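Here are the chains, one letter per residue:
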Amino acid sequence: MRIDIMTLFPDMCNSVLSESIIGRARAAGKVEINSIDIRDYTEDKHRRVDDKPYGGGMGMVMQAEPIWQCFNSLCEKIGKTPHLIYMTPQGKTLTQQRVKELAKMDNIAILCGHYEGIDERVIEALEPEEISVGDYVLTGGELPALILADSVSRMLDGVLSGEECFTEESHFNSLLEYPQYTHPSDWRGREVPEVLLSGHHENVDKWRREQSLKRTAERRPDMLEKADLTDKDKMYLSSLDSTTI
């Protein structure tokens, strides 16, 4: 998969995406992620890409033409039109289901806004998918773009050590993940649950499933409506004290 991030701050994106699991995946050729500087596509001698908003108001607005030129240059370079995503608090909230769908694509381009946003006309012209990472506002689209690139990249073959690394995580199957523990077995008087020390894999799997169900019921009961629950799952949930749920 190829991911291109169109941004005013390419060094910021490259720095984060060069570290840890995603950095190693890039180095190994499991995913190609590029940061493209939108300023390279302005004709302004001072490399300006923004101007005051028509109608007045605070802040500056990113101009349409540099973004248009940047995206079209990318299309020419790769010989196709990638799926374009604009990171904006006005978009649909990113979900794990959408991440799984995006991970099946060959090419994704992510547009990062900044300042007070971008000229609406280029949004109308390019018709990007608009995605939000939550109901809050940041100074720019770079952090949301990094979240999207990370969440999609880790779903690709060979990026994580095995499929189970993400299939048991929170949200993958509309359930929150079970509690995790590591050494020592007794930390300041708090002990690891005995079942995890038993070596009995069937009991461990049962405990983890029940903990996942319980945690979801307690913290995100709305997620249970979308979860693929077995009859045993439903029986366990019904056995929980109503005050817990």
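Remember, it's a predicted structure, so these values are computed and weren't measured experimentally.

Analysis parameters
Residues numbered from 1 in each chain as written. Predicted model: local features only at pLDDT ≥ 70, side-chain atom pairs only at ≥ 80, totals over all residues. Heavy atoms only, no water. Helix = DSSP H or I, 4+ residues; strand = E, 2+ residues; numbered from the N terminus. Rg over C-alpha atoms; globule rule 2.2 N^0.38 Å. Buried < 20%, exposed > 50% of the residue type's maximum accessible area, 1.4 Å probe, protein only. Contact = heavy atoms within 4.5 Å. Areas by Shrake-Rupley, 256 points an atom, 1.4 Å probe, with all protein chains shown as cover. Lys, Arg positive; Asp, Glu negative; His and termini not counted. Charge placed at Lys NZ, Arg CZ, Asp CG, Glu CD. Salt bridge = Lys/Arg side-chain N within 4 Å of Asp/Glu carboxyl O. Expected span 1.5 Å × (residues − 1). Arc of directions from axis to C-beta. Polar contact = N/O pair within 3.5 Å; in protein donor to acceptor, adjacent residues only side chain to side chain. Disulfide = S-S within 2.5 Å.

## A word on the overall build of the chain
Logical step 1: In terms of helices and strands, the chain carries nine helices and nine strands.
Logical step 2: Relative to the globule expectation of 18 Å for 245 residues, the C-alpha radius of gyration of the chain, 22 Å, shows a markedly less compact shape.
Logical step 3: By residue count, 42% of the 245 residues in the chain fall in the buried class.
Logical step 4: Counting only contacts in the chain whose residues sit at least 6 apart along the sequence, the fraction spanning at least 24 positions is 72%.
Logical step 5: With the model as given, the accessible surface of the chain reaches about 15000 Å², and the carbon-plus-sulfur share is 46%.
Logical step 6: Measuring between centres, the 29 positive side-chain charges of the chain sit 2 Å from its 43 negative side-chain charges.

## Comments concerning the pattern of salt bridges
A side chain with one charge can pair with a side chain of the opposite charge if their charged atoms come near.
Logical step 1: Scanning the model with the defined rule gives eleven salt bridges in all.
Logical step 2: A salt bridge links Arg2 to Glu32; the shortest N-O distance between them is 3.5 Å. Taken together, the positions of Arg2 in strand S1 (residues 2-7) and Glu32 in strand S2 (residues 32-37) put the pair 30 residues apart, joining distant regions of the chain.
Logical step 3: The class for Arg2 is buried, based on a relative accessible area of 13%.
Logical step 4: Among the ionic pairs, Arg48 bridges to Asp51, the shortest N-O distance being 3.9 Å.
Logical step 5: Where salt bridges share partners, they join Arg2, Asp4 and Glu32 into one cluster.

## Describing helix H8 (residues 201-219)
Logical step 1: Between its first and last C-alpha atoms H8 spans 27 Å; for 19 residues at 1.5 Å apiece the expected length is 27 Å, and the two agree.
Logical step 2: Taken together, the buried positions of H8 are Val204, Trp207, Ser212, Leu213, Thr216 and Ala217.
Logical step 3: In the core, the buried residues of H8 are packed alongside helix H9 (231-239).

## A closer look at H9
Logical step 1: Turning to H9, its buried residues are Asp233, Tyr236 and Leu237. Axial view of H9: buried residues confined to an arc of 100°, hence all on one face. In H9, the exposed residues that point more than 90 degrees away from the buried face are Asp231, Lys232, Met235, Ser238 and Ser239.

## With respect to the environment of Gly117
Logical step 1: Residue placement: Gly117 occurs in the loop between strand S6 (107-112) and helix H5 (120-126).
Logical step 2: When its relative accessible area of 15% is taken as the criterion, Gly117 is described as buried.
Logical step 3: Gly117 sits 29 residues away from Thr88 along the chain, and the two C-alpha atoms are 8.4 Å apart.

## A look at the side chain of Asp233
Logical step 1: Residue position: Asp233 is located in helix H9.
Logical step 2: Given a relative accessible area of 5%, Asp233 falls into the buried group.
Logical step 3: A polar contact is formed between the side chain of Asp233 and the side chain of Arg209, at a distance of 2.7 Å.
Logical step 4: Ignoring sequence-local partners within four residues, the contact set of Asp233 consists of Arg209, Leu213 and Asp228.

## A closer look at the state of the cysteines
Logical step 1: Counted by the stated rule, this structure contains zero disulfides.
Logical step 2: Distance from the sulfur of Cys13, which forms no disulfide, to the nearest cysteine sulfur (Cys112) is 5.3 Å.
Logical step 3: Accessibility expressed as a relative area gives 0% for Cys13, which makes it buried.
Logical step 4: In this structure Cys70 is not part of a disulfide, and its nearest cysteine sulfur, from Cys75, lies 9.7 Å away.
Logical step 5: Assessed through its relative accessible area of 1%, Cys70 is described here as buried.

This is a description of form; function is not addressed.
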